[in-house]
Amino acid sequence: MRIELAGWSSEGLRCPDVEIDLRTGDRIAPVSLIQMPNGTGKTTTLTMIRAAMTGKAHEWSSDKIRGLRRPGESHSEGKFILHLRVDDQPLTFELTLNFDTGKAEYRTTSVGSGGIKPGWEPPPQVKRFLDSRFVQLFVFDGEFADKLLDSSESEASKAIDALFQLYLLQDIHKIAEDAWEKATKNKTAKAEKGLSQRRKKVEALKARIAQVKEARDKASAELDLLKPELDILEQKISEQIGAEQSLREEFDTKKEEARDARNQVELAASEVMTRMRQPHLLHEAFAQSLNKLKLQLDRLRLPASTSSQFFNELLEENECICGRPLDHHSREVIGKRRELYLAEDTSGILNALKQDIDVQVRQGGNETAADLTQKLEQLEEAVTANKLADTAVRALEQELIDQGDDELRAWTEERDRKIKRKQELENFLRDTNRAASSSDDEKTFCLASLKKQLKEAGDDLAEITGTLELRAKTDVLQTIAEQALKKAQANLRVAIAEECNQRLEKVLSRDPIRIEKIDRSLNLLNQEGASVGQTLSVGYTFLTTLLSRGQHQFPLIVDSPANPLSMEVRREIAKLIPSLCKQFVAFTISSERAGFTDVIHTSSGNTTKFLTVFRKTPGTEALVRSLPKTGVQKTPNAVLVEGKEYFDHFDLNEAEG
């Protein structure tokens, strides 16, 4: 699908009353630059474009709607008409804002709809691309660029999922589940008693899993923010204490001791856990019992050489090993009695058990339960040393605080709060990611346990409603969809990161920056954040890379495309955009022309459409008098001029006025 922006018109709003046409004949220009001085209404225009595309004006408050009326005027309504082309077919949204009632109304015109229809009613195949979360990908601003690099946001991953329609795999999961639920509702249970309870249990577990996942994502995002904040606070505290020459050396020594003590705790804890996983090292009774078990197995000659598999094979023969023919009765008796003998898998388990006892317990060396006791004592000593070292560090901090260092006091209190919160988040995330336990109930935060409980509850419900086979098929389909989604996300993120980095080498050649990986957000290599110019450059590169890879085409609409960028970066961005984006529409100011306008015009094959808009005010009377003879559109409160020459010299004309 190809969606293009053909133009728009506005009347009675904060932006000027103008009609913008981005077509050149029957063809929409691949690049359109609309020059509007600050205060002309760029922000309002972008707001109305988004609202017309998404149908979201119905959700606006009456105050927001009235705030879009031009200051000092009292007219009753404002109107904005947006013209799109979808696969060369026109699609028009008309948005009327009633300033008296504070309400918004839409009308839609599309091919095959029978004319003008009330409401925001795009064709179904277009509607899914006009979701507000998707529209922000191609109606782009600096705020969205910031979110792409914000670890607490997930805009980068959402952008990839949206453009490549990975949500369809999630839809498969939901459709399969809905189909199964519909099947269970239409079935009469073999035992009606308990059916509703089972359904409620399934729904409750689904809701719990969704709740825990949401909490986990929020906790993970908060933790990602806390870690660098704690590092900054620790650095401030260290520098503040280090400023006191008398305390510097002692503080550095105590900090080093504290680090060594923490390392010793981790080492000792690891050694203790290694031994606790070996039962014969926990207590002598375990070792004695295991040795006794092996002796008994040896005495009983288990596993026996004759297993149930022998009898399974015997049933396939015509005669018994004694030579007697096997009749129906004989086969039935052998079939029943073969269960008295060990199966091959059981024999294998017993052999492995005997070998492990022999190697680990009887020949395991000199390690005994006493060694575990010794390791526990070492762990206790390490924990005590760690506490003492931490106490010494805190004592130095307190010494400065007691001397009246209020700034240090505030930092240490904030750090302690953040450390406590960090521990809470880590404990919560550890609980959500741990293995399932038999003691878990429906209120647990362990996702593995909740999923296990949900499967058991679903199987139980499937069994009582006679849909067990359908449940199994549903599980297989959902598993395939989940695995396909994860694999697609992982592969796309790696591929897009590589493409972005190749382009960033050119765009930011003097100020190199690389994307390390794409997770929820764009993670930059070896740096926490980026400058305004870097952020915008990375955002452009990421979005144009996305828009160039997808099967569908969308316009890229940008406010102030080059303002925060250096001259060199402007040139590289201007070269890049026309090759990766089928339609580029930018709202600019005169200071952005240098290094950008001519380059993007050349890169687009000299097919750029240049438009200049300014308000009619007493300060622009000279501009109105000196307008060119052609390409001019006048309205009661604004002037629109088409042409590159006027566009390039507009600031000079403005200065003369």
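Calculation notes
- Residues numbered from 1 in each chain as written.
- Predicted model: local features only at pLDDT ≥ 70, side-chain atom pairs only at ≥ 80, totals over all residues.
- Heavy atoms only, no water.
- Buried < 20%, exposed > 50% of the residue type's maximum accessible area, 1.4 Å probe, protein only.
- Helix = DSSP H or I, 4+ residues; strand = E, 2+ residues; numbered from the N terminus.
- Pairing = 2+ DSSP bridges.
- Right-handed = clockwise from strand over helix to strand, strands pointing away.
- Salt bridge = Lys/Arg side-chain N within 4 Å of Asp/Glu carboxyl O.

1. Describing the pairing of strand E15 (residues 609-615)
Argument step 1. Among the seven residues of E15, six are classified as buried, and the element is accordingly described as predominantly covered.
Argument step 2. For strand E5 (residues 31-35) and E15, the ladder comprises four bridges, and the chain directions are parallel. The residue of E15 that forms the bridge with Leu33 is Phe610.
Argument step 3. Relative to strand E17 (residues 638-642), E15 is paired through five bridges, and the arrangement is antiparallel. Paired with Phe614 across the two strands is Val639, which belongs to E17.

2. Some details on the pairing of strand E14 (residues 583-588)
Argument step 1. When you tally the buried positions in E14, you get six out of six residues, the bulk of the element.
Argument step 2. What you see with E14 is no split at all: Gln583, Val585 and Phe587 on one side and Phe584, Ala586 and Thr588 on the other are buried throughout.
Argument step 3. By the bridge criterion, five bridges tie E5 to E14 in an arrangement that is parallel. In the sheet register, Gln35 faces E14, and the bridge partner there is Thr588.
Argument step 4. The pairing of strand E13 (residues 555-559) with E14 spans five bridges and is classified as parallel. Bridge pairing links Pro555 to Gln583 in E14.
Argument step 5. Note that the unit made of E13, helix H19 (residues 567-580) and E14 has a crossover that is right-handed.

3. Focus on the pattern of salt bridges
Argument step 1. Throughout the structure, instances matching the rule amount to 30 salt bridges.
Argument step 2. In this structure, Arg434 and Asp440 form a salt bridge, with 2.7 Å as the shortest nitrogen-oxygen distance.
Argument step 3. Since its relative accessible area comes to 28%, Arg434 is described here as partly exposed.
Argument step 4. Classification of Asp440 by relative accessible area gives buried; the value is 17%.
Argument step 5. Between Asp459 and Lys455 there is a salt bridge, and its shortest N-O distance comes to 3.0 Å. With Asp459 and Lys455 both in helix H16 (residues 447-464) and four residues apart, this pair spans about one turn of that helix.
Argument step 6. Residue classification places Lys455 among the partly exposed residues on the basis of a relative accessible area of 48%.
Argument step 7. Connected through shared salt-bridge partners, Arg2, Glu4 and Asp88 make up one network.

All we've got here are geometric facts, nothing functional implied.
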